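# What the coordinates show
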Amino acid sequence: MEVFTGILTGILTGAPLWIWPLLLLLILLGLHASRDREMSILPYSLMPLIALSNVPVLIVQPEAGMAFGAWGLAYICGAGLGFRIQARWIIARRGLRAEVAGEWLSLAVMMLLFWANFANGVTVAVAPDLVASSAYQILFPALLGLASGSFLGRPVRILLWPNAPVATGYGRK
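Criteria and cut-off values
Residues numbered from 1 in each chain as written. Predicted model: local features only at pLDDT ≥ 70, side-chain atom pairs only at ≥ 80, totals over all residues. Heavy atoms only, no water. Helix = DSSP H or I, 4+ residues; strand = E, 2+ residues; numbered from the N terminus. Polar contact = N/O pair within 3.5 Å; in protein donor to acceptor, adjacent residues only side chain to side chain. Contact = heavy atoms within 4.5 Å. Salt bridge = Lys/Arg side-chain N within 4 Å of Asp/Glu carboxyl O. Buried < 20%, exposed > 50% of the residue type's maximum accessible area, 1.4 Å probe, protein only. Core = buried A, V, L, I, M, F, W, Y, C linked by side-chain atoms within 4.5 Å. Pairing = 2+ DSSP bridges. Axes fitted to C-alpha atoms, helices over the stretch in contact; angles between N-to-C directions. Expected span 1.5 Å × (residues − 1). Arc of directions from axis to C-beta.

## Topic: the side chain of Q137
For Q137, the position within the fold is in helix 8 (residues 134-160). Polar side-chain contacts of Q137 include one of 3.1 Å to the backbone nitrogen of E63. Excluding its chain neighbours within four sequence positions, the residues that come into contact with Q137 are Q61, P62, E63, M66, A67, A70, V131 and A132.

## Regarding the pattern of salt bridges
The full count for this structure, using the stated rule, is 2 salt bridges. Note that R97 is salt-bridged to E38, the shortest N-O span being 2.8 Å. One end of the pair, R97, is in strand 3 (residues 97-100); the other, E38, is in strand 1 (residues 37-40), and 59 residues separate them in sequence. Judged by its relative accessible area of 31%, E38 falls in the partly exposed class. Between E103 and R154 there is a salt bridge whose closest N-O contact spans 2.8 Å.

## Notes on the nonpolar core
Of all hydrophobic cores here, the largest spans 26 residues; its most connected members are W71, L113, F114, F118, F140, L144 and F151. Counting only elements with at least two residues in this core, the list comes to helix 2 (19-33), helix 4 (55-59), helix 5 (64-86), helix 6 (105-126) and helix 8. The leading source of residues in this core is helix 6, at 8 residues. With 7 residues, the next largest nonpolar core counts M39, A98, V100 and I158 among its residues.

## Describing the sheet that holds strand 3
As summarised here, the arrangement of the 3 strands in space is 1-3-2, forming an open sheet in which the pairing is antiparallel. Among the strands making up the open sheet, the edge pair consists of strand 1 and strand 2 (90-94). Pairs of neighbouring strands in the sheet enclose a mean axial angle of 20°, with direction left out of account. With respect to the sheet, helix 8 is in contact with strand 1, strand 2 and strand 3, its orientation differing from that of strand 2 by roughly 55°.

## Description of helix 2
Since the α-helix turns once every 3.6 residues, residues separated by three or four places project in the same direction. Along its 15 residues, helix 2 runs 21 Å from first to last C-alpha, staying within 8% of the 21 Å computed at 1.5 Å per residue. Every buried residue belonging to helix 2 is among I19, L23, L26, G30 and A33, and all of these are buried. The arc that holds the buried residues of helix 2, viewed along the axis, is 90°, so those residues lie on one side. Across helix 2 from its buried face, at more than 90 degrees, point the exposed residues P21 and L24. On the buried face of helix 2, the contacting elements are strand 1 and helix 6.

## Describing the environment of V100
Here V100 lies in strand 3. Residue V100 is classed as buried on the basis of its relative accessible area, which comes to 2%. Separated by 67 residues in the primary sequence, V100 and A33 have C-alpha atoms spaced 9.0 Å apart. Setting aside residues up to four positions removed in sequence, V100 forms contacts with R35, D36, R37, M39, Q86, W89, I90, I91 and I158.

## Brief notes about the environment of S133
Following the sequence through the fold, S133 ends up in the loop between helix 7 (128-132) and helix 8. Relative accessible area serves as the criterion here: at 23%, S133 is assigned to the partly exposed category. Taking the C-alpha atoms as reference points, S133 and A33, 100 residues apart in sequence, are found 37 Å from one another.

## Comments concerning the pairing of strand 3
Bridge count for strand 1 against strand 3 is 4 bridges, and the pairing is antiparallel. Bridge pairing links E38 to E99 in strand 3. Note: strand 2 against strand 3, 4 bridges, orientation antiparallel. Within the sheet, the bridge partner assigned to A92 lies in strand 3 and is E99. Count of turn residues in the strand 2/strand 3 antiparallel hairpin: 2 residues, of which G95 carries a positive phi of about 65°.

Shown next as structure tokens:
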């Protein structure tokens, strides 16, 4: 229990101050995504930029080339999965606006990416031999790539969704 308390204290006191507002923002964005909503497609199309948050972690991996390779392959797979699953939540698209059903996947994936960086930091500190292993150099970046890639596939699916005829209401279920 003492080790866990030490790790938790280290996370709370050692993390940069800007991390906590970022966590709050990600939670609020995830909660917003859980509701049915009409939205502009353009800001949604910026979600793939979340992949940039992976770059600092990948660069410092002992085998950065292997890490980037695993991340890239998983990113492509994640984009395909995101593309496929987004169809469940699209209600209609009209020009540059879309109506989508609420979902919890956005919050889950954002939390996965946020906390994976913390987990990596803890692992680097307490088990550097594990971080140096080939399995870690492949699996950890692949997890990040799969999650990040989903944020590419989802707006692509919305952009390719057929336009619905203009109607006076959206007719939510």
